[in-house]
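# Descriptive analysis of the structure
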Amino acid sequence: MTDLRPPRFLKPMNKLMIAVQKLGIPTGPAMVLTVPGRKSGQPRSTPMTPFEVDGELYVVAGYPGADWAANARAAGTGTLSRGRRSREVRIVELTAEQARPVLRAFATEVPVGVGFAKRSGMVRDGTPDEFEALADRMTVFRFDPV
């Protein structure tokens, strides 16, 4: 997992997903997280696919060092939207130990994320064991209600 970079299509695809969501059209399980930028303070929005584990809502950063994850970490709170519905959330980063069971669940709960991880070379087969092994390299957040 050396020097992973997002594919070139990711930024245009994210912009399209955000535009569709703003029109009030839900896009499956995808949601948009908006947090202030850590440098500019301006709102930064990123589509993501949160999933539930034991009644809690989590998200896994698709790439180590992702800008949106750094912004979310710095902000600590944000707005999570699907279509025209939104809610304020507290953003809690998990330790590697806390992330292990969540990453195992990610392997079965978020097929689109598994495909993304396979194409980017983070995992080979997308098994729960492979994702759990990423716990010390992948950022995992829990969204708590405010």
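As a starting point, this report considers the structure included with it. These figures come from a predicted structure and were not determined experimentally.

## Some remarks on empty space enclosed by the protein
- Under the counting rule described, the total for this entry stands at one cavity of 30 Å³ or more.
- When its volume is computed, the largest cavity comes out at roughly 30 Å³.
- What lines the largest cavity is simply Leu33, Val35, Arg44, Thr46, Trp68 and Asn71.
- Those elements giving two or more residues to the lining of the largest cavity turn out to be β1 (31-36), β2 (43-48) and α2 (67-75).
- Among the residues making up the lining of the largest cavity, the classes are represented as three nonpolar, two polar and one charged.

## Structural notes on the nonpolar core
- Ranked by size, the top nonpolar core spans 21 residues in total, and within it Phe51, Tyr58, Val60, Leu103, Phe131 and Val140 carry the most contacts.
- When residues in this core are grouped by element, the largest group, six residues, is from helix α3 (residues 96-109).
- Once residues within four sequence positions are removed from consideration, Val140 is found in contact with Tyr58, Val59, Val60, Val92, Glu93, Leu94, Ala99, Val102 and Leu103.
- With 16 residues, the next largest nonpolar core counts Leu33, Met48, Leu57 and Phe143 among its residues.

The rules we used
Residues numbered from 1 in each chain as written. Predicted model: local features only at pLDDT ≥ 70, side-chain atom pairs only at ≥ 80, totals over all residues. Heavy atoms only, no water. 1 Å grid on protein atoms, 1.4 Å probe; cavity = no way out; pocket = protein on both sides within 12 Å on 5 of 7 lines; lining within 4 Å. Points joined across faces, edges and corners; volume = space filled by probe spheres on them. Helix = DSSP H or I, 4+ residues; strand = E, 2+ residues; numbered from the N terminus. Nonpolar A, V, L, I, M, F, W, Y, C, P; charged D, E, K, R; others polar. Core = buried A, V, L, I, M, F, W, Y, C linked by side-chain atoms within 4.5 Å. Buried < 20%, exposed > 50% of the residue type's maximum accessible area, 1.4 Å probe, protein only. Contact = heavy atoms within 4.5 Å.

Nothing here speaks to function; it is geometry throughout.
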